[in-house]
Amino acid sequence: MKMPVAVSAWEPSPSVARSIDISRAVAPRELLTRAERSDFRETGDYEEVVRLARKIASTVRGVRCVEIGKTARGRSMLMLVVSRNPVVTPEEARETGRPILWIQSAVHGGEVAGKDATILLLRDMALTDRHSRWLDRLIILLLPVFNIDGHDHSSPFNRANQNGPASMGFRANAQRLNLNRDYMKADSPEMRCWLRAYTAWLPHLVIDNHTTNGMDYQYDITFSVHRNQPAAEPVARWARKWLQPALARRLAGDGHITGPHVELEDAGELERGIQPEVSPPGYCLSYTAIQNRVAILAESHSLKCYRTQVCAHYDLMRHVLDLLSSPGGAALRTAVHLADRKAWKASGSESRGPVFVEGVPGGRLVPYQFKGLSSTRTRCKITGVFYTEYSDEPIDIPVKSASRVRTTLAIPAPVAYVVPPECTPIIDVLACHGIQMWRLGREFSGEFESWRLVEEHWDPLPFEGRLRMTFRAIRSREERTLSAGSRLVPMAQRAGRVALNLLAPDAPGSLVRWGFLNAIFEQKEYISDHVLAPMVARMWRADSRLRAEFRKRLRSEPSFAADPTRQMQFFYEHSPYFESGKNLYPILRVGDARTFTRLRGLSLRPVGI
Ligand SMILES: [Zn+2]
């Protein structure tokens, strides 16, 4: 039997649930969800989503069901394309000149309120005339359940912090991968399908529905949207000046209590203040930003009852659809177009300045009234741990809010990267991201910038199925021969920032740091002591600089001085027999436009898109 979640009794006013009550009142009985039929105590399985979606699509001309691929367990991933008239291809969608909106839910399989709200929304916009202007002004793509295998791995004992429905899905997919960390490395089949669909349709805006854990507070719905340098400036400006304030105003007008999404486990953490999102691009919010587009991370609150969660998502989506249907919303298309055009002009981009890859909350601290609940500290009588007990008494807590993001790492963009043909897993990932690549038709020798990655270190425990690693990158110029079939990846393309984040070795989300190139850190050949020892004697006699370097190591590193095996390795590494490819990053950087032009001239055709 499920134990009740210990929550305050605090819920927003029942009047905020108006929209889902109206939805239920006008719906045909056979299209009611299990959530509605159980008065929001339960939720349906994925079969219910498919059944209702197909039923609606069979009667409404502008609603199409599309399979975007298969999950890890081979289940069909359903997406709905919704508009006034049927839209079959992404090209047709773009030709309409309308904003394209993508709504996804249950990325974490137990966070299902967005899914139930999406079914209600689909039913309402397809079957009633209340929302008809959305269909005339937008192309709407719905992915009601992203993590289907996780969603149907349902149990009353998943998500202990969540106050309903009675049974809910599991956070990760069937491979135990968190899809909201997988946007860059794309290890899961679900993410590969998502990336192919996303880069084909290129929606201007994504709503990513989640249900957040953490401390209790008044907010029933919080949301984040990039308004700073993680996003391209025209897009960030649109979100900062227009979308964020307009959406917050509309939700508040309904009676919702809304604010910025915060990751706070306990009320005591409020002392640190609240901060803008600076998630890496493995998260949806930041991934869409480096694709020059927008995501809204929408988080209902796990401690509110399920009915409140569903209503919160329904209203947030309703308002975004309304806003995007207005002239101010349509301005997003222009902002995205400007950001894309700037990315295409990035050629010779040494002069364009470094590209943002990492930041921390910063800038001026501004006062903010956090809508909390009064609480007391209590001690667990068994273990002695102190924890916070929340009451249902609302209080405003004055906190500081960081207003901007401070850049901590920006990387000078090259003109292009060159990926050798043997790096197949990396080329596959680049192709999934819709990155344009040119295939070199024949061998080419020239001077390139390359990196040696030294002082390598792996994390002791896996993260998302991989052992992440760090190193020190030493950049140099050297003569290199490129194999025929190498992929030329120009920065001057729409997804140039995605390419840089994957290929610049020091970018935190780079594929090498996810362990895609671990073999370069392994020594593949060796030399026997009986072959090496006479060579050491010859090297010692012939090379005074080597003698000096060896003596310096002996003096400065006691562990080296005490280890004859390492000393032999020192001489092996300085001999002509040592393999040159060890610690050599195989991906090269083209820093000058002349070399790039020559390489383009020798390339066959764009591949990978
Ligand atoms: Zn989530």
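The structure this text deals with has already been given above.
Residues numbered from 1 in each chain as written. Predicted model: local features only at pLDDT ≥ 70, side-chain atom pairs only at ≥ 80, totals over all residues. Heavy atoms only, no water.

## A look at unusual backbone geometry
- For the peptide bond that leads from glycine 164 to proline 165, omega is 5°, which places it in the cis range.
- Looking at where proline 165 falls in the secondary structure, it is placed in the loop between helix H7 (148–152) and helix H8 (189–201).
- The phi angle at arginine 159 is positive, at roughly 45°, despite the residue not being glycine.
- Even without being a glycine, glutamate 455 presents a positive backbone phi close to 55°.
- Here glutamate 455 is to be found in strand E13 (residues 444–458). (Helix = DSSP H or I, 4+ residues; strand = E, 2+ residues; numbered from the N terminus.)

## What about the coordination of the zinc ion?
- His108 (ND1), Glu111 (OE), Glu111 (OE) and His210 (ND1) make up the full set of protein donors to the zinc ion, lying at 2.0 to 2.7 Å.
- One way to put it: the four donor atoms around the zinc ion meet at angles of 52 to 148°, and that makes the site irregular.
- Between consecutive donors of the zinc ion, the numbers of intervening residues give the motif H-x2-E-x98-H. Note that glutamate 111 is positioned in the loop between strand E3 (100–105) and helix H5 (113–127) and histidine 210 in strand E5 (residues 205–212), a separation of 99 residues in sequence. You'll find glutamate 111 and histidine 210 in the same group, each marked buried. (Donors = N, O, S within 2.8 Å, 3.2 Å for Na, K, Ca; no water. Tetrahedral: all angles 85-135°; square planar, octahedral: opposite > 155°, others 65-115°. Buried < 20%, exposed > 50% of the residue type's maximum accessible area, 1.4 Å probe, protein only.)

## Remarks on the packing of helix H15 (residues 529–542) against helix H18 (residues 564–573)
- Contact pair H15 / H18: the axes reach a minimum separation of 10 Å and the direction vectors enclose 70°. Judged by the inter-axis angle, H15 sits roughly perpendicular to H18. Considering how the two elements wind past one another, H15 and H18 form a crossing that is left-handed. Residues Asp529, Leu532, Ala533, Val536, Met539 and Trp540 of H15 form the contact with H18, whose participating residues are Met568, Phe571 and Tyr572.
- Across the contact of H15 with H18, the residue classes break down as eight nonpolar, no polar and one charged. (Axes fitted to C-alpha atoms, helices over the stretch in contact; angles between N-to-C directions. Parallel < 35°, antiparallel > 145°, perpendicular 65-115°, else oblique. Left-handed = near helix turned anticlockwise from the far one by under 90°. Contact = heavy atoms within 4.5 Å. Nonpolar A, V, L, I, M, F, W, Y, C, P; charged D, E, K, R; others polar.)

## Quick notes on the packing of aromatic side chains
- Applying the stated rule across the entire model yields 24 aromatic pairs.
- When the ring centre of phenylalanine 560 is taken as reference, the NZ or CZ atom of arginine 553 above it lies at 4.1 Å. (Phe/Tyr/Trp six-rings, centres within 6.5 Å; stacked < 30°, edge-to-face > 60°. Lys NZ or Arg CZ within 6 Å of the ring centre and 35° of its normal.)

## Focus: the state of the cysteines
- For the coordinates displayed, the defined rule picks out zero disulfides.
- Here cysteine 284 is not disulfide-linked; the sulfur of cysteine 193 is the nearest cysteine sulfur, at 16 Å.
- With no disulfide of its own, cysteine 423 has cysteine 432 as its nearest cysteine by sulfur position, at a separation of 16 Å.
- Cysteine 423 gets classed as buried once you look at its relative accessible area, which sits at 6%. (Disulfide = S-S within 2.5 Å.)

## A look at the environment of aspartate 45
- Note that aspartate 45 resides in the loop between helix H2 (34–37) and helix H3 (46–59).
- When its relative accessible area of 40% is taken as the criterion, aspartate 45 is described as partly exposed.
- Linking aspartate 45 and arginine 34, residues 11 residues apart in sequence, is a C-alpha distance of 8.9 Å.

## Observations concerning the side chain of serine 279
- Among the structural elements, serine 279 can be located in the loop between strand E7 (258–260) and helix H10 (284–290).
- Every residue in contact with serine 279, bar those within four places of it in the chain, is listed here: Leu285 and Ser286.

## Some words on the side chain of aspartate 116
- Structurally, aspartate 116 can be placed in helix H5.
- The buried charged residue aspartate 116 lacks any salt bridge partner; its closest oppositely charged side chain belongs to lysine 115, at an N-O distance of 4.1 Å.
- Sequence-distant contacts of aspartate 116, defined by excluding residues within four places in its chain, comprise Thr33, Ala35, Thr43, Glu48, Tyr306 and Val310. (Lys, Arg positive; Asp, Glu negative; His and termini not counted. Salt bridge = Lys/Arg side-chain N within 4 Å of Asp/Glu carboxyl O.)

## Considerations on the nonpolar core
- Counting residues in hydrophobic clusters, the biggest one holds 135 residues, and the most contacted among them are Trp194, Leu205 and Ile426.
- The biggest single contributor to this core is helix H11 (residues 306–324), with 11 residues.
- Not counting residues within four places of it along the chain, the set of residues in contact with tryptophan 194 comprises Trp102, Gln104, Leu143, Phe146, Tyr183 and Tyr287.
- If you look at the next biggest cluster of nonpolar residues, it comprises 14 residues, including Met215, Val262, Leu264 and Ile274. (Core = buried A, V, L, I, M, F, W, Y, C linked by side-chain atoms within 4.5 Å.)

## Topic: helix H9 (residues 233–254)
- Between its first and last C-alpha, H9 extends 31 Å over 22 residues, near the 32 Å set by a 1.5 Å rise per residue.
- A bend of about 40° at alanine 239 is the largest found in H9.
- Every buried residue of H9 is accounted for by Pro234, Val235, Ala236, Trp238, Ala239, Leu243, Ala246, Leu247, Leu251 and Asp254.
- A positive phi of about 105° marks glycine 255, the residue just after H9. (Expected span 1.5 Å × (residues − 1). Bend = angle between axes of the 7 residues up to and from the residue.)

## A few points about the environment of isoleucine 520
- Locating isoleucine 520 in the fold gives a position in the loop between helix H14 (496–503) and H15.
- Along the chain, isoleucine 520 and lysine 582 lie 62 residues apart, while their C-alpha atoms are 5.3 Å from each other.
- Those residues within four positions of isoleucine 520 in sequence are excluded, and the remaining contacts are Leu453, Gly581, Lys582, Asn583, Leu584, Tyr585 and Pro586.

## Things to note about the pairing of strand E11 (residues 416–419)
- The alternating pattern of E11 places Ala416 and Val418 and Tyr417 and Val419 on opposite faces, both of which are buried.
- Of the pairings in the sheet, the one linking E11 to strand E15 (residues 487–490) comprises four bridges and is antiparallel in character. Its bridge partner lying in E15, valine 419 is registered against arginine 487. (Pairing = 2+ DSSP bridges.)

## Digging into the sheet that holds E3
- Reading across the sheet, the eight strands line up as E1-E2-E4-E3-E5-E8-E6-E7 and stay open at both edges, with mixed pairing between neighbours. The open sheet has two free edges, formed respectively by strand E1 (63–70) and E7, since each of these has just one partner strand. Neighbour-to-neighbour, the strand axes of the sheet open up by a mean angle of 25°, direction not taken into account.
- Pairing of E1 with strand E2 (residues 76–82) involves six bridges; the strand directions are antiparallel. In the strand pairing of E2, arginine 64 is matched with valine 81.

## Description of H18
- Buried residues of H18: Gln567, Phe570, Phe571 and Tyr572, and no others.
- Next to the buried residues of H18 lie H15, helix H16 (544–556) and helix H17 (558–561).
- You can read the cap of H18 off the contacts: a side-chain oxygen lies 3.1 Å from the backbone nitrogen of threonine 565, and it is on aspartate 563. (Polar contact = N/O pair within 3.5 Å; in protein donor to acceptor, adjacent residues only side chain to side chain.)

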